[in-house]
Amino acid sequence: MEDEPLFADRPEWADVVPLEQYEGVIPLAPIFYTNEYKDATNYFRGIVKTGEMSPRVLDLTENIIRQNPAHYSAWQYRYKTLIFLNAPLDVELRLMDELAVKYLKTYQVWHHRRLLVQQTKNPAPELEFIADSLQIDTKNYHTWSYRQWILAHFNDDALWSRELEFVESMLNYDLRNNSAWHHRFFVVFQSGVRKGDEDRAEVVRRELTFVKTKISTAPNNASAWNYLRGVLDHSKTPYSSLKSFVTPYSVPHSSHQDVTSEDIVDLENPLPSPGAQLPCVAAIEFMADAHESNGGDDLMRATELWRSLADEHDTMRKKYWEYRIKEALQNVR
Amino acid sequence: MTDLDIGNKLLVPLHVSYIKALGDSKDDLAYHLTAHLRMNAIYWGLTALCIMGHKDALDREEMIDFVMSCWDEQAGGFGAHPDHDAHILSTLSAIQILITQDALDRLDVDRVVKFILSLQQPSGVFAGDSFGETDTRFLYIAVNALSLLGRLSELDVERTVSYIRQCRNFDGGFGATAGAESHAAQVFVCVAALAILDRLDEVDQQTLCWWLSERQLPNGGLNGRPEKLEDVCYSFWVLSSLSILNKISWIDSEKLTSFILSAQDLETGGIADRPGDMVDVFHTHFGVAGLSLLGYPGLVDLDPVYCMPASIIEAKGLRKGWKALPRRSA
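Keep in mind the model is a prediction, meaning the values are calculated, not measured.

Asker: Explain the overall build of chain A to me, please; I cannot follow it from the model alone.
Answerer: Within chain A one finds 17 helices and zero strands. What you see for chain A is a C-alpha radius of gyration of 28 Å, clearly larger than the 20 Å of a compact globule of 333 residues, by over 25%. Across its three principal axes, chain A shows a C-alpha extent of roughly 85 × 55 × 40 Å. Per-residue burial for chain A yields a buried fraction of 35% across its 333 residues. A sequence separation of at least 24 residues applies to 63% of the contacts in chain A between residues at least 6 apart.

Asker: Whenever I open this one, the interface of chain B and chain A confuses me. Can you help?
Answerer: Interface size is commonly expressed as the accessible surface area that is lost when the partners come together. Every contact between the two is made by 45 residues of chain B and, on the other side, 45 residues of chain A. Looking at the side of chain B that touches chain A, the elements with two or more residues in it are helix H3 (38–51) and helix H4 (60–69) of chain B. Top contributing element to the side of chain B that touches chain A by residue count: H4(B), with four residues. The class makeup of the residues in the side of chain B that touches chain A is 15 nonpolar, 13 polar and 17 charged.

Asker: How should the packing of helix H10 (residues 178–189) of chain A against helix H12 (residues 222–234) of chain A be read in this particular structure?
Answerer: Relative orientation and spacing of two packed helices are given, respectively, by the angle between their axes and the distance between those axes. All names here are of chain A. Where H10 contacts H12, the axes come no closer than 9 Å and their chain directions differ by 15 degrees. Accordingly, the angle class assigned to the pair H10 and H12 is roughly parallel. Here H10 and H12 pass one another in a crossing that is right-handed. For the pair formed by H10 and H12, the contact residues are Asn178, Trp181, Arg184, Phe185 and Phe189 on the first element and Ser223, Ala224, Tyr227, Gly230 and His234 on the second.

Asker: How should I be thinking about helix H5 (residues 107–120) of chain A in this particular structure?
Answerer: Helical geometry: 3.6 residues make up each α-helical turn, so side chains three or four residues apart lie on a common side. Residue and element names in this part refer to chain A. Here H5 spans 20 Å end to end across 14 residues, near enough to the 20 Å set by a 1.5 Å rise per residue. For H5, every residue scored as buried is listed here: Gln108, Val109, Trp110, His111, His112, Arg113 and Val117. Those residues of H5 hidden inside the fold are in contact with helix H3 (72–85), helix H4 (89–102), helix H6 (124–136) and helix H7 (141–154). One or two positions beyond H5, positive phi appears at Lys121, with a value near 50 degrees.

Asker: Whenever I open this one, the packing of helix H9 (residues 184–196) of chain B against helix H11 (residues 233–244) of chain B confuses me. Can you help?
Answerer: All names here are of chain B. Interaxial distance between H9 and H11 falls to 9 Å at its minimum, and their mutual angle equals 35 degrees. The handedness of the crossing between H9 and H11 is left-handed. Between H9, through Ala184, Ala185, Val187, Phe188, Val191, Ala192 and Ala195, and H11, the contact on the second element is made entirely by Tyr234, Trp237, Val238, Ser240, Ser241 and Ile244. Of the residues assigned to the contact of H9 with H11, the class counts are 11 nonpolar, two polar and no charged.

Asker: Just to check I follow, could you spell out unusual backbone geometry for this structure?
Answerer: Of all residues except glycine, most have a negative phi; of all peptide bonds, most are trans. In this structure, A:Pro279 follows A:Leu278 across a cis peptide bond, with omega equal to 0 degrees. Positive phi is not limited to glycine here, since B:Asn246 has a value of about 60 degrees. Mapped onto the secondary structure, B:Asn246 falls in the loop between H11 and helix H12 (253–262). The exposure class assigned to B:Asn246 is partly exposed, which follows from the 14 C-beta atoms found within 10 Å.

Asker: What is the right way to look at the environment of B:Thr177 in this model?
Answerer: Note that B:Thr177 resides in the loop between helix H8 (157–166) and H9. Sequence separation of B:Thr177 and B:Leu104 is 73 residues, and the distance between their C-alpha atoms is 32 Å. Every residue in contact with B:Thr177, bar those within four places of it in the chain, is listed here: A:Ser145, A:Trp149, B:Thr134, B:Asp135 and B:Cys167.

Asker: What is the right way to look at the nonpolar core in this model?
Answerer: Most often, soluble globular proteins have nonpolar side chains that are buried together. Counting 149 residues, the largest nonpolar core has B:Leu139, B:Ala142, B:Val191, B:Ala192 and B:Ala193 as the members making the most contacts within it. Tallying contributions element by element places H9(B) first for this core, with 12 residues. In contact with B:Ala142, other than residues within four places in its own chain, are B:Ile88, B:Ile116, B:Leu119, B:Gln120 and B:Phe126. Counting residues in hydrophobic clusters, the runner-up holds 16 residues, among them A:Ile47, A:Ile65, A:Ala74 and A:Tyr79.

Asker: Please explain the confidence of the model for chain A as it appears in this structure.
Answerer: One rule of thumb: low pLDDT means the predicted coordinates there are not for detailed reading. Mean pLDDT over chain A works out to 91, with 92% of the residues at or above the 70 mark. Segment residues 23–30 of chain A is flagged for pLDDT under 50; beyond a separation of four residues in sequence, or across chains, it makes 16 contacts in the model.

Asker: Would you explain the confidence of the model for chain B in this entry?
Answerer: Within chain B, residue pLDDT values average 94, and 94% of them lie at 70 or more. Interface confidence for the predicted complex, expressed as ipTM, amounts to 0.92; the pTM equals 0.93.

The rules behind the values
- Numbering of residues begins from 1 in every chain and follows the order in which that chain's sequence is written.
- In the order they appear in the text, chains get letters beginning with A and ligands get numbers beginning with 1.
- Since the coordinates come from a predicted model, pLDDT governs what is reported: local features require at least 70, and pairs of side-chain atoms require 80 or more to be given and counted, while whole-chain, interface and lining totals use all residues.
- Helix and strand definitions here come from DSSP, where helices need a minimum of 4 consecutive H or I residues and strands a minimum of 2 consecutive E residues; each element is numbered from the N-terminal end.
- Only C-alpha atoms enter the radius of gyration; for comparison, a globular chain is expected to reach 2.2 Å times N to the power 0.38, where N is the number of residues.
- To assign burial, the other C-beta atoms lying within 10 Å of each residue's own C-beta are counted, with C-beta atoms placed from the backbone; 20 or more indicates buried, 12 or fewer indicates exposed, and intermediate counts indicate partly exposed.
- By the convention adopted here, residues make contact when the C-beta atoms placed from their backbones lie within 7 Å.
- Ten residue types, Ala, Val, Leu, Ile, Met, Phe, Trp, Tyr, Cys and Pro, are classed as nonpolar, four, Asp, Glu, Lys and Arg, as charged, and the remainder, Gly among them, as polar.
- Only the contacting stretch of a helix is used when fitting its axis, a line to C-alpha atoms as for every element, and angles between N-to-C directions run 0 to 180 degrees.
- Should an angle fall under 35 degrees it is taken as roughly parallel, and over 145 as roughly antiparallel, whereas 65 to 115 is taken as roughly perpendicular and any remaining angle as oblique.
- Throughout, a crossing is termed right-handed when the near helix is turned clockwise from the far one, and left-handed when it is turned anticlockwise from it by less than a right angle.
- The span expected for a helix works out to 1.5 Å for each residue beyond the first.
- Nonpolar cores are built from buried Ala, Val, Leu, Ile, Met, Phe, Trp, Tyr and Cys residues. These are joined into a set through C-beta atoms within 7 Å.
- For every residue, the predictor assigns a confidence score, pLDDT, that lies between 0 and 100.

Have a look at this one:
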C-alpha cells in the first residue's frame, strides 16, 4: 500500500471533492493521522456526501479498512455498495479470508462476513475457513461464535455432521481449550437432536466416557471438569454415580495405589495419568458435592472436604468454601 | 521508598497526570487507530478521575463541547468522534459523560431514546448501529442508557430478558450471542442488565458465582474464561458481577489488589493489562474501578451496575442492592 499514490493524486478521483475532517483543537481528542489515512478518509467523506456507490468506492473502502479495520462506517458503506452494485460476493469473501486472518480480533471483520454469507446462502465453505482461522488463534471468541452462528442459522444436517470430529481434533491439539469444550456442549446438547443421536441416554454415556478419558490424561483441567458437571446436570444424573471414577483423583497418589490394584481393568473409570498432580481440587470439590446431595451422614464428609479445600488445597477461595460449609450446616438445622 | 514500596500503593497523582496527558499525545501515531473509541476513552478517563477524587483534572466545558460535536443529527445518536456515524457504544458514553458533568440538559433525550429503541431486534437483542452487529454488550448499553434517562418504561422488557436467557450456558455464565461461550465481560453485561431490570431471578446464582470465583489465578489476577491468562480489566467484569450478586468476598481481595497494583507503570502512570505491558486508559479505568470495589483506601465508591460514581446513581434513585467491600482506612 505504501507504493500506491494518494487519492488526491489519482486522476480518476479528480471529480470527487474531498472533505476535510472536523478541525478543532480539542484536548483529550486530538487525532494526528498519517497522510495516507487523512487522504483516504477525506475522499470517503466526499463520496458519502454525494452518496456515490461505484466500483471505485470498493477500492477506497478497502484502502481505509486496511489502514484501520475498526472503521465501522467504511465497512458499512462498503457493504451497501456491494449490494447496490450486485458485486460478486464470493470475490468479496475471498478478500475477507485474507482480512479476517489479518484482523482476527476486529468485530467488523466477522460481522461483514455474516452479512455476506446471509446473501450467498452458502455456509459450507465457511466451516473450513473457520477451522483454518482457528489454527492461528485457537480460542478466538469471534471465530468460535461465528461458527456457532453458521451452524444454528443455516441448521443443515450436512453442516452438523462432522462437528464432533472437528471438536475432537481441536481438543487433541489443546485439551485445555475451553472454547472447544463449550462448542462440544453446544453441538451435543444445546442445538437440537440430530440423526443418529436420538438415544439420549446413549449420548450421555458416550459423552461421559469421552470426558473421563480427557480428565485421566490431564486431571487438572477446569474446562473438562466443567463439561463433566454440565453433562451430569443436563441429564439429571446424580454426581454420586461417578464416585468410583472421581475418588482416585481426589486423594494423593500414594493412597490410590490400593485402588489401582483392585480396579485395574475398569475401562469405565480410567485412572489419573502417573505424573498427574494429585489430589485434584476439582475432584475434591466434586466428591463434596456428591456427598452433599446424598445428605444425611454424608453431609459431614462434604464439610470435611470443603474444610480441606479452605485450609489446604484451595486457600485462595477460602471464603467460598467456608460459605459452602455454613450453608450446608444451616440447611441441616 | 524503594520501587517495591511504591508499587504497593495506587499512584494517584501519577495516574491523574497520565489521563490528563492523553489529550496532549500529539505525536502518537497509534492514536488515529483508536478514533472509533474516542468517546469511550473520555468516559473511561473521566470516571477513573472521579473515582480517584480528581474529577476536575479535565476541563468540563471542553469535554461537553467535544461530546456535543459528536452528535449525529441524522441518526439521533453520538458517534465516537465528530465525523463518525452514531453507534450505541459511544451514545452510552456520551450520556454517562453528560450526567457525570451535570449537563444532561444539552441532550435531546427523545431523539436518543428513539435511536436506542430502534436498534432492538425481533429476538430481543440490540444492534450496535444500523450495520446490524448484535451482542449482549449492546443490550446492556441500551438498558443502562434508558434507565439513566428515566425511560425504561418504553423498553419491551420481556423480549429483552428472553434474549439474555438464551445466552445462559451450562456453566452458569453468559455469552455474547445465543450459543456463544461464557465470558466474564459478557457475564457482567447480562447480570448488570438483569439487575437494572430487577430480574436477577434469571441468574443461576450459585453456579455463576462459583464460576466467577474460579476466575482467580494463583498470581491473584482474574481471567475471563477457564484456562486463559489473567488481565486487569477482568478485575472489573468479575468483581462487578460478584458485587451485584453480593458475593464479592469470594475473591481473595489482598491478592487481587496487589496484582492490579503490580500492573501500574511506575514512571509514566497508567495501568496495563498485566505487569510489564503497555498501559492504556481502558485498563487504567477498570483497574481503578476494581480497586474501588475492593474497598481500596481513599477511593470514591463506584456503582458496579452502571460503572459510574455511586453518588450520582444514588441521587437519581437508581441504586440496586449491590455490595462492595467496605472502604478501608489508609
